There are 2 protein chains.
Amino acid sequence: MLKISELAEQTGLTAHTLRFYEKHGLIRASERSEAGYRYYNDADVRRAEFVKTARNIGFSLDDIGQLLSIRLDKDSHSCQEVTDITQHKLNEVNGKIAELQMMQQTLQRLLTSCCGGPENATHCSIIEALEEGELPAKGDS
Amino acid sequence: MLKISELAEQTGLTAHTLRFYEKHGLIRASERSEAGYRYYNDADVRRAEFVKTARNIGFSLDDIGQLLSIRLDKDSHSCQEVTDITQHKLNEVNGKIAELQMMQQTLQRLLTSCCGGPENATHCSIIEALEEGELPAKGDS
DNA sequence: CTTGACCTTAGAGTTAACTCTAAGCTTATA
DNA sequence: TATAAGCTTAGAGTTAACTCTAAGGTCAAG
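Residues numbered from 1 in each chain as written. Chains lettered and ligands numbered in written order. Predicted model: local features only at pLDDT ≥ 70, side-chain atom pairs only at ≥ 80, totals over all residues. Heavy atoms only, no water.

With 53 residues of chain B at the interface, the matching set in chain A holds 53 residues. Buried surface at the junction of chain B and chain A, both sides included, amounts to about 4,700 Å², of which 75% is carbon and sulfur. Between Arg-71 of chain B and Glu-131 of chain A there is a salt bridge whose closest N-O contact spans 3.3 Å. Here chain B and chain A share 18 residue pairs in polar contact (both at pLDDT 80 or more) between them. Those elements that provide at least two residues to the side of chain B that touches chain A are helix H3 (42–57), helix H4 (61–72), helix H5 (79–113) and helix H6 (125–132) of chain B. Per-element accounting of the side of chain B that touches chain A gives the leading share, 21 residues, to H5 of chain B. Taken together, the residues of the side of chain B that touches chain A sort by class into 26 nonpolar, 19 polar and eight charged. (Contact = heavy atoms within 4.5 Å. Buried area = accessible area lost by both parts, 1.4 Å probe. Salt bridge = Lys/Arg side-chain N within 4 Å of Asp/Glu carboxyl O. Polar contact = N/O pair within 3.5 Å; in protein donor to acceptor, adjacent residues only side chain to side chain. Helix = DSSP H or I, 4+ residues; strand = E, 2+ residues; numbered from the N terminus. Nonpolar A, V, L, I, M, F, W, Y, C, P; charged D, E, K, R; others polar.)

So, in structure tokens, the structure goes:
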């Protein structure tokens, strides 16, 4: 049985975060001491580690909630439910990557267009490009 | 001279957003009517469009503030200041892309490991992988 | 002169995932 | 037994960039 700070140490989450997750229904201590101290058993620890792993991959706390309830009752959930969550997340990630790559290209292009030197910015091609507009941006295909 | 909703239409920003930007020092109307209505002249419009372009590229409002003050007094700023801001943003974007690509790979790997079918999740390899931990995640190199 | 569209402000709400604080118990150690 | 470390709770604060609301003033058209 671990106290909250011990679980924090094991998982690399803070005690604050563990309480926060509890408030959001992700993790709880199966036992409490008379004084109200949380005590985590092995199953609790595994659950906390599951949460941490999922979080590190990038799942939202909401996603994690769903994954946890599947994990709790695997028999009445399908693999498809799990892949749906995962695929949805992957789509989101792919979308963000595409957006960022757009920004990356534009920034790269701006940087190569400008001397970057100590001369004053009167004819800075980055400033000029921003004044012109017409730069590729989020939403362009 | 444009009223706020007209400028909103021209720029594709909302009137709310324009007032928000004003509160944050990015855009203002050079004139006000007696009743307090904002009136934007050509220079204001160009400034608003500059802001919108920079925002669409992904610069933070803070970055945009800096770019605007360089733009306002180009003679006393260098190209290097501009490239510093741009490079800094590019580094940030590159970092985020790397993080997301990590997530992308992990999610991809999970998806190919799981059947995704209607069978129950008792042996779902995604759930199992999350239980094992040991998945590549943010911070791994 | 009335109606409806538009303008003003200050300030609160949104989102996600924490992060921290205050005030007060509890527990382990010396 | 004193002290320090650790635990509890409710609730506020953080960040970025909006987004919306309420309460009220203005203006153009019919």
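Alright, that's what it looks like, and here's the rest.
Residue and element names in this part refer to chain A. It is the contact of helix H3 (residues 42–57) with helix H4 (residues 61–72), at a shortest axis distance of 10 Å, that shows an interaxial angle of 140°. Taken as axis vectors, H3 and H4 run oblique relative to one another. Between H3 and H4 lies a crossing whose hand is right-handed. For the pair H3 and H4, contact is made by Ala-43, Arg-46, Arg-47, Phe-50, Val-51, Ala-54 and Arg-55 and by Ile-64, Leu-67, Leu-68, Arg-71 and Leu-72, respectively. Counted by class, the contact of H3 with H4 contains eight nonpolar, no polar and four charged residues. (Axes fitted to C-alpha atoms, helices over the stretch in contact; angles between N-to-C directions. Parallel < 35°, antiparallel > 145°, perpendicular 65-115°, else oblique. Left-handed = near helix turned anticlockwise from the far one by under 90°.)

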